[in-house]
Amino acid sequence: MRIHLPLRYPYSFAHTTKRLKSFEKSIYVYREGAFWRTIRGRKGPLLLSVAEDSERPGLIAEIFGEADPEEEEELKGRIAHMFGTDVDLTPFYEQMRQDPVLWPVIEQRIGMHLVLDASLYECLVKTIISQQLNLSFAGTLIERFIQLAGDTGQFAGETWKVFPAAEQVACLRYEDLRHLQFNQRKAEYIIDLSRLIAEGKLDLETLTGLPDDEVMKKLTALRGIGRWTAECLLMFGLRRPDLLPAADIGLRNAVGRLYGLPARPDESEVRRIGEKWAPYRSYATFYLWDTLG
DNA sequence: GGCCAGGCTAGCA
DNA sequence: TGCTAGCATGGC
């Protein structure tokens, strides 16, 4: 199945996928100009490749595996949402020109969009795993988690891992994750969350229609999810435009460095500096994180 | 070896 | 309501 996706420019596929290369593991691969990963379709795992369309402006997505023909429109919508193809960055850029410190950072990355995870569940689990860990080790743990709990798909003779569904993780024991070097509480957070979903007591998709503050309230009521994790889901799972995870250590470092502050700013200082980025604080955060490399 | 990581909870004042 | 120790382990 081949799907053409028109783009809203400015859109730089190179800037947009650059960040993904650092996540290259079993479910993310970037080769020959195309981004590859597995997703879950109605009938089972699918392999997705996305690249720039060489014949006309836009992206071209190819889907391998047993996709339901009636699923095409749905898949098109999902991929468009993942890659932000209908997001217009122009108003954000117009506003950021007013910030002489941040603008040069943005100007070097014109057309950089955010690529979302394939599901809210995947986003939430990855974010919980990443809590308080350096990104390198967090990536190692995510990879081990996928290898342990994820299933596999066969596509054109190649075997691919698929990010596990909540039902698969719900069957694990805490000690299974302990063996991967998760701490006890993180193992509990992830398995307990997965059990809630598998038992039908929590439906992350219902968050899609709620305003930011209600999403925050629902998520932070769950054990293991604090403000930072909820903000990350809003930004990286739901593509909400105006979040500022001001307590985030990486964001504080980036702001301190860029604005030439004598010491790392605290949360309130970041919030004060970031006020002028509203209503696009998520994008400002995303571009600032990108400066950390 | 020591300190820090794109935090959160539980326990205490 | 606000503060803090403890968590586990890699990276530097």
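Residues numbered from 1 in each chain as written. Chains lettered and ligands numbered in written order. Predicted model: local features only at pLDDT ≥ 70, side-chain atom pairs only at ≥ 80, totals over all residues. Heavy atoms only, no water.

Which parts of the structure should I look at to understand the domain arrangement of chain A?
Where interface size is given, it is often the accessible area lost as the parts come together that is meant. Along its sequence, chain A is carved into domain 1 (2-87), domain 2 (120-236) and domain 3 (249-290). Computed from C-alpha atoms alone, the centre-to-centre distance between domain 2 and domain 3 is 27 Å. In this assembly, four residues from domain 2 lie in contact with six residues from domain 3. Here domain 2 meets domain 3 over a buried area of about 380 Å², counting both sides, of which 68% is carbon and sulfur. (Domains from an automatic or database assignment. Contact = heavy atoms within 4.5 Å. Buried area = accessible area lost by both parts, 1.4 Å probe.)

Just to check I follow, could you spell out the nonpolar core for this structure?
Side chains of a nonpolar character, in soluble globular proteins, are inclined to be buried together. One finds Phe83, Leu219 and Trp277 to be the most contacted residues of the largest nonpolar core, which totals 92 residues. At seven residues, the largest contribution of residues to this core is made by helix H5 (residues 120-130). Counting eight residues, the second largest nonpolar core, distinct from the first, contains Ala34, Ile60, Phe155 and Trp160. (Core = buried A, V, L, I, M, F, W, Y, C linked by side-chain atoms within 4.5 Å. Buried < 20%, exposed > 50% of the residue type's maximum accessible area, 1.4 Å probe, protein only. Helix = DSSP H or I, 4+ residues; strand = E, 2+ residues; numbered from the N terminus.)

Help me understand the sheet that holds strand E5 (residues 59-64), please; the structure alone is not making it clear to me.
By way of backbone hydrogen bonds, the strands of a sheet pair with one another, either parallel or antiparallel. Read across the sheet, five strands follow the order E1-E5-E4-E3-E2 without closing on themselves; strand pairing throughout is antiparallel. Looking at which strands have only one partner, the edges of the open sheet turn out to be strand E1 (2-5) and strand E2 (28-31). Neighbour to neighbour, the strand axes of the sheet diverge by 25° on average, direction disregarded. As judged from the six bridges shared by strand E4 (residues 45-52) and E5, these two strands associate in the antiparallel manner. If you follow Leu48 over to E5, its bridge partner there is Ile63. The strands touched by helix H1 (residues 13-21) are E2, strand E3 (34-40), E4 and E5; relative to E2, the strand with the most contacts, the crossing angle is about 130°. Helix-sheet contacts for helix H2 (residues 72-83) involve E1, E3, E4 and E5, and the interaxial angle to E1 is about 45°. (Pairing = 2+ DSSP bridges. Axes fitted to C-alpha atoms, helices over the stretch in contact; angles between N-to-C directions.)

What is the right way to read the pattern of salt bridges from this model?
Pairing between side chains of opposite charge can happen when the charged atoms of each approach one another. As enumerated under the stated definition, the model contains 22 salt bridges in all. Where Asp212 meets Arg240, a salt bridge forms, and the shortest distance between an N and an O atom there is 2.8 Å. Highlighted residues: Asp212 in helix H10 (residues 212-220) and Arg240 in the loop between helix H11 (227-236) and helix H12 (249-258), separated in sequence by 28 residues. Asp212 sits in the partly exposed class, given a relative accessible area of 25%. One salt bridge connects Glu267 with Arg227, and the closest N-O pair in it is separated by 3.9 Å. You can see Glu267 sitting in helix H13 (residues 267-274) and its partner Arg227 sitting in helix H11, a full 40 residues away along the chain. Of the residues examined, Glu267 reaches a relative accessible area of 31% and is grouped as partly exposed. Among the charged side chains, a salt-bridge network with shared partners connects Arg37, Asp117, Glu122 and Lys126. (Salt bridge = Lys/Arg side-chain N within 4 Å of Asp/Glu carboxyl O.)

What exactly am I supposed to notice about the protein's contact with DNA strand B here?
Inspection of the region around DNA strand B gives 23 residues, with Leu135, Gly224, Thr229, Arg264 and Trp289 positioned closest. Backbone atoms, meaning sugar and phosphate, make up 58% of the atoms of DNA strand B lying within 4 Å of the protein. For DNA strand B, a phosphate oxygen lies 3.5 Å from a polar atom in the backbone of Leu222. (Near = heavy atom within 4 Å. Polar contact = N/O pair within 3.5 Å; in protein donor to acceptor, adjacent residues only side chain to side chain.)

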